[in-house]
Protein chains: 2
Amino acid sequence: MKKINIGFVGAGTVGMGAIKILETKKKDFNSMGIDFEVHKVCVKDKSKERAIPAGCELVTDWKNIVEDPNIDVVVEVMGGTGIATEVVMSALKNNKAVVTANKALIADNFAELLETLARPEAPFFGFEAAVGGGIPMISTFQIQMRADLVTEVSGILNGTTNYMLSKMSAEGMSYEAVLKEAQDLGFAESDPTADVGGYDARSKTVILAQLAYGVLLDENKVFRQGIDRVETIDFEYAQLMGKTIKLLGVSQQTKPGEVTAFVSPMAVPNDKGVGQIHGATNVVSIKSQFQQETLLVGEGAGSLPTGTSIVSDLVRMAKADQSSAFAQPKEQRFTADFE
Amino acid sequence: MKKINIGFVGAGTVGMGAIKILETKKKDFNSMGIDFEVHKVCVKDKSKERAIPAGCELVTDWKNIVEDPNIDVVVEVMGGTGIATEVVMSALKNNKAVVTANKALIADNFAELLETLARPEAPFFGFEAAVGGGIPMISTFQIQMRADLVTEVSGILNGTTNYMLSKMSAEGMSYEAVLKEAQDLGFAESDPTADVGGYDARSKTVILAQLAYGVLLDENKVFRQGIDRVETIDFEYAQLMGKTIKLLGVSQQTKPGEVTAFVSPMAVPNDKGVGQIHGATNVVSIKSQFQQETLLVGEGAGSLPTGTSIVSDLVRMAKADQSSAFAQPKEQRFTADFE
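Each value, and the rule that gives it
Residues numbered from 1 in each chain as written. Chains lettered and ligands numbered in written order. Predicted model: local features only at pLDDT ≥ 70, side-chain atom pairs only at ≥ 80, totals over all residues. Heavy atoms only, no water. Contact = heavy atoms within 4.5 Å. Buried area = accessible area lost by both parts, 1.4 Å probe. Salt bridge = Lys/Arg side-chain N within 4 Å of Asp/Glu carboxyl O. Helix = DSSP H or I, 4+ residues; strand = E, 2+ residues; numbered from the N terminus. Pairing = 2+ DSSP bridges. Axes fitted to C-alpha atoms, helices over the stretch in contact; angles between N-to-C directions. Parallel < 35°, antiparallel > 145°, perpendicular 65-115°, else oblique. Left-handed = near helix turned anticlockwise from the far one by under 90°. Nonpolar A, V, L, I, M, F, W, Y, C, P; charged D, E, K, R; others polar. Buried < 20%, exposed > 50% of the residue type's maximum accessible area, 1.4 Å probe, protein only. Patch = residues over 30% accessible without salt bridge, like charges linked within 9 Å, V, L, I, M, F, W, Y side chains within 5 Å. Areas by Shrake-Rupley, 256 points an atom, 1.4 Å probe, with all protein chains shown as cover. Arc of directions from axis to C-beta. Phe/Tyr/Trp six-rings, centres within 6.5 Å; stacked < 30°, edge-to-face > 60°. Lys NZ or Arg CZ within 6 Å of the ring centre and 35° of its normal. Least-squares fit on C-alpha atoms with pLDDT ≥ 70 in both. Expected span 1.5 Å × (residues − 1).

### As for the interface of chain A and chain B
- Taken together, the 48 residues of chain A in the interface contact 48 residues of chain B.
- A combined buried area of about 4300 Å² lies between chain A and chain B, and 57% of that area is made up of carbon and sulfur atoms.
- In terms of surface lost to chain B, no three residues of chain A exceed Gln144(A), Phe290(A) and Gln291(A), which account for 16% of the buried area on that side.
- At the junction of chain A and chain B, the tally comes to zero salt bridges.

### Notes on unusual backbone geometry
- A positive phi angle, close to 60°, is found at Asn95(A), a residue other than glycine.
- Looking at where Asn95(A) falls in the secondary structure, it is placed in the loop between helix 4 (83-93) and strand 5 (97-100).
- A positive phi angle, close to 70°, is found at Gln292(B), a residue other than glycine.
- Relative to the assigned elements, Gln292(B) resides in strand 12 (residues 292-299).

### A look at the sheet that holds strand 6 (residues 125-126) of chain A
Residues and elements named next belong to chain A.
- With respect to topology, six strands assemble into an open sheet ordered 3-2-1-4-5-6, the strand pairing being parallel. Edge strands, defined here as strands with exactly one partner in the open sheet, are strand 3 (57-59) and strand 6.
- Pairing geometry for strand 2 (residues 34-42) and strand 3, over three bridges, is parallel. Bridged to Val41 within strand 3 is Leu58.
- Packed on one face of the sheet, helix 4 meets strand 1 (2-9), strand 4 (73-76), strand 5 and strand 6 and runs near 165° to strand 4.

### Details of the packing of helix 1 (residues 13-24) of chain B against helix 13 (residues 303-318) of chain B
Residues and elements named next belong to chain B.
- Where helix 1 meets helix 13, the closest approach of the two axes is 7 Å, and the angle between their N-to-C directions is 60°. In this view, helix 1 runs oblique relative to helix 13, as classed from their interaxial angle. Pair helix 1 / helix 13 crosses with right-handed handedness. On the side of helix 1, the interface is formed by Thr13, Val14, Met16, Gly17, Ala18, Lys20, Ile21 and Leu22, while helix 13 contributes Ser303, Leu304, Thr306, Gly307, Thr308, Ile310, Val311 and Leu314.
- Broken down by class, the residue content of the contact of helix 1 with helix 13 amounts to nine nonpolar, six polar and one charged.

### A short note on the environment of Ile19(A)
- Topologically, Ile19(A) is positioned in helix 1 (residues 13-24).
- Take Ile19(A): its relative accessible area is 1%, and that puts it in the buried class.

### A few points about the packing of helix 8 (residues 159-171) of chain B against helix 9 (residues 175-184) of chain B
Residues and elements named next belong to chain B.
- Two elements in contact, helix 8 and helix 9, have axes whose closest approach is 10 Å; the angle formed by their N-to-C orientations is 130°. On the basis of their axis angle, the class for helix 8 and helix 9 is oblique. Helix 9 is crossed by helix 8, and the crossing has right-handed handedness. Residues Tyr163, Met164, Lys167 and Met168 of helix 8 touch helix 9, and the partners they reach there are Tyr175, Val178, Leu179, Glu181 and Ala182.
- For the contact of helix 8 with helix 9, the class distribution of residues is seven nonpolar, no polar and two charged.

### Overview of the pairing of strand 10 (residues 258-269) of chain B
Residue and element names in this part refer to chain B.
- Two elements, strand 8 (residues 223-224) and strand 10, share two bridges in a ladder whose sense is parallel. For Arg224, the partnering residue across the bridge sits in strand 10 and is Val263.
- In the sheet, strand 9 (residues 243-255) pairs with strand 10 via 12 bridges, with the strands oriented antiparallel. The residue of strand 10 that forms the bridge with Lys255 is Glu258.
- Counted along the chain from strand 9 to the antiparallel partner strand 10, the turn is two residues long, and its residue Gly257 has a positive phi close to 85°.

### Some remarks on a nonpolar patch on the surface
- Nonpolar side chains collect at one region of the surface, where Ile233(A), Tyr237(A), Leu240(A) and Met241(A) lie side by side and expose about 490 Å² of accessible area between them.
- The topology assignment puts Tyr237(A) in helix 12 (residues 232-240).

### Description of the pattern of salt bridges
All names here are of chain A.
- Under the defined criterion, the tally for this structure stands at 20 salt bridges over all chains.
- Where Lys180 meets Asp184, a salt bridge forms, and the shortest distance between an N and an O atom there is 2.8 Å. Remark: Asp184 and Lys180 occur in helix 9 (residues 175-184); sequence separation between them is four residues, near one turn of the helix.
- For Lys180, a relative accessible area of 48% corresponds to the partly exposed category.
- By relative accessible area, Asp184 is classed as exposed at 57%.

### A word on helix 9 of chain B
Residues and elements named next belong to chain B.
- Those residues of helix 9 lying buried are Tyr175, Val178, Leu179 and Ala182. Buried residues in helix 9, looked at end-on, bunch into an arc of 105°, giving them a common side. Residues of helix 9 that are exposed and angled more than 90 degrees away from the buried face: Glu176 and Asp184.
- Taken together, the buried residues of helix 9 touch helix 8 and helix 10 (193-196).
- Taken from the residues just after helix 9, Gly186 is the one with a positive phi, measuring 85°.

### Quick notes on the packing of aromatic side chains
Residue and element names in this part refer to chain B.
- For the structure shown, the criterion picks out six aromatic pairs over all chains.
- A ring pair is formed by Phe29 and Phe36, whose centres lie 5.3 Å apart and whose planes are at 85°; its orientation type is edge-to-face.
- Overall, Phe29 belongs to the buried group, its relative accessible area being 1%.
- Its relative accessible area of 7% is what places Phe36 among the buried residues.
- Geometrically, the ring pair formed by Tyr163 and Phe187 is edge-to-face, given 4.8 Å between the ring centres and 85° between the ring planes. Placement of Tyr163 in helix 8 and of Phe187 in the loop between helix 9 and helix 10 is noted, with a sequence separation of 24 residues between them.
- Over the ring of Tyr199 we find Arg224, and its NZ or CZ is 4.0 Å from the ring centre.

### Some thoughts on the relation of the copies chain A and chain B
- For the pair chain A and chain B, the relating rotation is 180°, the translation along its axis is 0.0 Å, and the fit reaches an RMSD of 0.0 Å. Seen this way, the second copy is the image of the first under a two-fold rotation axis.
- The share of interface residues of chain A whose copies in chain B are also at the interface is 100%, consistent with both copies meeting through the same surface.

### Focus on helix 1 of chain B
- Its 12 residues give helix 1 of chain B an end-to-end C-alpha distance of 16 Å, which sits within 8% of 16 Å, the value for a rise of 1.5 Å per residue.
- Those residues of helix 1 of chain B lying buried are Gly15(B), Met16(B), Gly17(B), Ala18(B), Ile19(B), Ile21(B), Leu22(B) and Thr24(B).

### So, the sheet that holds strand 3 (residues 57-59) of chain B
Residue and element names in this part refer to chain B.
- Ordered in space as 3-2-1-4-5-6, the six strands form an open sheet in which the pairing is parallel. The strands lining the two open edges of the sheet, one partner per strand, are strand 3 and strand 6 (125-126).
- The pairing of strand 1 (residues 2-9) with strand 4 (residues 73-76) spans four bridges and is classified as parallel. Each bridged residue has a counterpart across the sheet, and for Gly7 the counterpart in strand 4 is Val74.
- Packed on one face of the sheet, helix 4 (residues 83-93) meets strand 1, strand 4, strand 5 (97-100) and strand 6 and runs near 165° to strand 4.

These results come straight from atomic positions and should not be treated as a statement about function.
Okay, here's the thing in structure tokens:
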């Protein structure tokens, strides 16, 4: 039995989802020869009641996890790009495997991460949970698309804004009313800028572009238009054309090595493809030279869906799968017969 | 640079697709530290002209590949369940990795394969190409769904019959006329029984059920109804209900460890989900406890799509990914809170 000691930094929605799955499937993992133990969980407030496994230590200093020689893998689910960046970088420097759901952190520190992970002895770095919740988007690029040549990636990558746009489209609600409802239901943050401004979708678009083309885009140079200027009347106009409005993140390899990308609300046919993906569901369409088109659809957010991606990364790590890091080599841009 | 010598047994549509991809992406794989060489190809007729890489030896006896100590991995793409079974079983016994697209072979020899692959020292066995062409169905079960608990798998798993049903639905063609057209175009075999009788879809349904639930179904006990009794008038009736007809392979875990499965033409809504998947495209819907529903759509057949799955398996093998074999442990049926 291979024992894997896990330290969680953060115990919010996603973290608690992953911990619940690890407990629920404990016997399954044991029968695969893996014994996951949640060894420590770093939280802000130790007194808050939580469903933490027996024997697990609560700590308030993340260094208590990152510097603990008994911990094999650090799961960073605190979010943000401040302390979380320190947590991830320190863990990697201490040769601990890292699993994270933090798309903003990855997009903001992409060059440094790529350099750190390029070392042959680099630890496992899992980030399936960072894009598309429980949809296997990252592994599809890391495994299946390694045998292909991607020309376009486009999709609905943010559940909050898709929930809002779906409501506006179906019920004619105003932007302000639907935002308030989403906030009341906990689907949108009190400061909703990251979602409605398209920043979250842009981070994800940049991550998928790196996986797809081996090209690192400067996030700040990627055109970004959120949904905060979309009005009820826009849906009425779209409807006249048999269309609806979706916030899409798009990247295209127009020539070998030349990648363009943007995030923007777009009018799309309402009776097929992305136009039929409603609510918190995410979708990505991958166009490629050999396979033509692959479509992946599923829950793009939430405690258990995103938790499955954290846990599937832990299984990959335990199984010593080395195909974890950023997938496509830059050299693919020179592939002979690509046009 | 890790050198991997490949022996192909068979050089038909799928084999030549994989060989073309290996050549096209040679530099990409080199930059990942892998040097694939197609060392030998076993064919029926050496005199037939083929786009075989320089330095590759053509042979007519498969033992010349399976017993060659220089060959690391045997790619079985000859098809059928006769000699192909000998090829795969001998290769595994000789501790060679095996990559195959042969769903009938797997379904027919499932118990023996599982036993062979359960040994800790068992070689890599890749079969992404056996189900869903270039769609990453197998790896989704092997990686993402390991962190979940699957309750239902359903989909369009046979491109030939979906092409035929799509034509019958859109153009009102008779079964006989559309079968003749599919045969003339090379989409259907001269003996089309495996496709139109639902046998191919049943093999795939059994494979996905094993991956999903860890339960091995007896193929011959799985209910199977093909499309050979579907008539034009059936589409007219379906249309009255806003439906169309699709050949679905379905398995459900109704209680922990209790799995039912069938292959049958079914009336499905024609304006959403599987009802909108036409032509040679395949789709699988995976319902699970944590992620709820995941939908994977893409090309389910063809030289290059299926070739990408062969090649992505070769990359996984070269990267020593041990998560290749049949995924779900049987013990998962006892997961505590499943209902």
